[in-house]
Amino acid sequence: MRSFIPVAADSPFPIQNLPFGIFRPNAGGAARVGVAIGEHVLDLAVLEERGMLDGIGDGAPVFARPALNHFMSLGRPAWRKARETIAHLLDEQTPTLRDDSALRAHALHRMADVTMCLPAEIGDYTDFYSSRDHATNVGTMLRGPENALMPNWLHLPVGYHGRASSVVVSGTDVRRPRGQLKPPTAPAPSFGPTRSLDFELEVAFFTGPGNPLGEPIPIAQAEEHIFGLVLMNDWSARDVQGWEYQPLGPFLAKNFCTSISPWVVTLDALAPFRAPPMAQDPAPLEYLRWADDFSLDLQLEAHLTPAGTHEATAITRTNFRHLYWTMAQQLAHHASGGCNLRAGDLLASGTVSGPEKTSRGCLLELTWRGAEPLELPGGARRTQLEDGDCLSITGWAQGDGHRVGFGEVTGRVLPAA
Ligand code: MN
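In this text, all values refer to a predicted model and were calculated from it rather than measured experimentally.

> Tell me about the overall build of the protein chain, residues and numbers included.
The secondary structure content of the protein chain amounts to nine helices and 26 strands. Relative to the compact-globule value of 22 Å for 417 residues, the protein chain shows a C-alpha radius of gyration of 22 Å, a close match. For the protein chain, the spread of C-alpha atoms along the three principal axes comes to 70 × 55 × 35 Å. Scored against the burial criterion, the 417 residues of the protein chain give a buried share of 55%. Contacts in the protein chain between residues at least 24 apart in sequence constitute 72% of all its contacts with a sequence separation of at least 6. The positive charge centre, built from 34 side chains, and the negative charge centre, built from 46, are 4 Å apart in the protein chain.

So, in structure tokens, the structure goes:
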């Protein structure tokens, strides 16, 4: 399948992808829903107004809205119908848009002419801890290799409820947070800028339509509640975390900023890249077992551009397949006690680390808690992110002659206020 709109072979947004996002034209106008195609954004509010997307919702506008929540609430039949209708309109064989230059001028924006917004109004955000390599590395640093994994880790997808208000879209600067710090050698805590700012390479999914309070989602139905995926950087202040985290887990070390990529890649677009999940031993309890469960073959990279330079260096290369707990298990576990998930909730993977030293997904692991500083071209050394550093995460699934990609999530560190 090909579009009449030219798409480069290494573009993340060929017709096989069609991710949804929220954009605002730089020339003015309200934020609304668009689909990325090559270097362009297809304006779904325009197509909807002309009746070209009829039958997707219940008659109320679906795409002339500043967030994807309503569309996410409609469920997979509506998501699939929208995707098929848009794919048909963009197909090189379909004249409707291809041969109507007035409509094209109205409905297609160059990416350079729009500003991307957060894709949804995020009601709740949860972060899991689903990479066994990450949990083992961190546990080894904190407790030694014998007690690396806590006794619950192989039985349930560990997670915590995060902060939705500080989730920001890619391109937003991150301000170095102040917090309460107490190095092990200090006699008393002090308050000041973190000296251990880190990133976490993660992938997150948006939920919809969700479940009523008190009615769990059986794991076999979990995929009906996964709208699509984004890349995520869970900025972290390790020194704040080290002092505050016991006994209730992450708090201010994690809530000052979390960045996500703007385009939501649907589960349908990623269907060709399903892969067997990791073998689980011991077998999980019945409510976490599903014969058709799956992982995804997504290549993931983090790139660091040190302050004062323009040279980005790949500092980790990993894959979504390294996650021990699947998205379906995370979602079913989250709702298993009756917690209601709503359209537009964000559930994140946790740091995606793989088995290799070069596939570790955060600086804490890459530098082994500062013992092995990162050596970057040009002589820069890092054990934490410095002011002015820029961190970008990118990811894609490699198809035959095309990529189904996410674009990137990027952010630059500003000095403490
Ligand atoms: Mn995290």
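After presenting the structure, the write-up continues.
> Report on the sheet that holds strand S2 (residues 32-37), specifying residues and quantitative values.
Strands sit in the order S4-S3-S2-S1-S5 across an open sheet of five strands; the sheet is antiparallel. Each edge of the open sheet is held by one strand with a lone partner, namely strand S4 (108-110) and strand S5 (114-117). When strand polarity is set aside, the average angle formed by the axes of neighbouring strands in this sheet is 45 degrees. As defined by bridge partners, S2 adjoins strand S3 (residues 40-43) across four bridges and the pair is classed as antiparallel. Looking at the pairing, Ile37 lines up with His40 of S3.

> Lay out the environment of Thr140 in plain terms, naming residues and giving numbers.
On the secondary structure map, Thr140 appears in helix H6 (residues 132-143). What makes Thr140 partly exposed here is its relative accessible area of 22%. Along the sequence, Thr140 and Met111 sit 29 residues apart, while their C-alpha atoms lie 45 Å from each other. Setting aside residues no more than four positions away along its own chain, Thr140 makes contact with Pro145, Ala148 and Trp368.

Conventions and cut-offs
Residues numbered from 1 in each chain as written. Predicted model: local features only at pLDDT ≥ 70, side-chain atom pairs only at ≥ 80, totals over all residues. Heavy atoms only, no water. Helix = DSSP H or I, 4+ residues; strand = E, 2+ residues; numbered from the N terminus. Rg over C-alpha atoms; globule rule 2.2 N^0.38 Å. Buried < 20%, exposed > 50% of the residue type's maximum accessible area, 1.4 Å probe, protein only. Contact = heavy atoms within 4.5 Å. Lys, Arg positive; Asp, Glu negative; His and termini not counted. Charge placed at Lys NZ, Arg CZ, Asp CG, Glu CD. Pairing = 2+ DSSP bridges. Axes fitted to C-alpha atoms, helices over the stretch in contact; angles between N-to-C directions.

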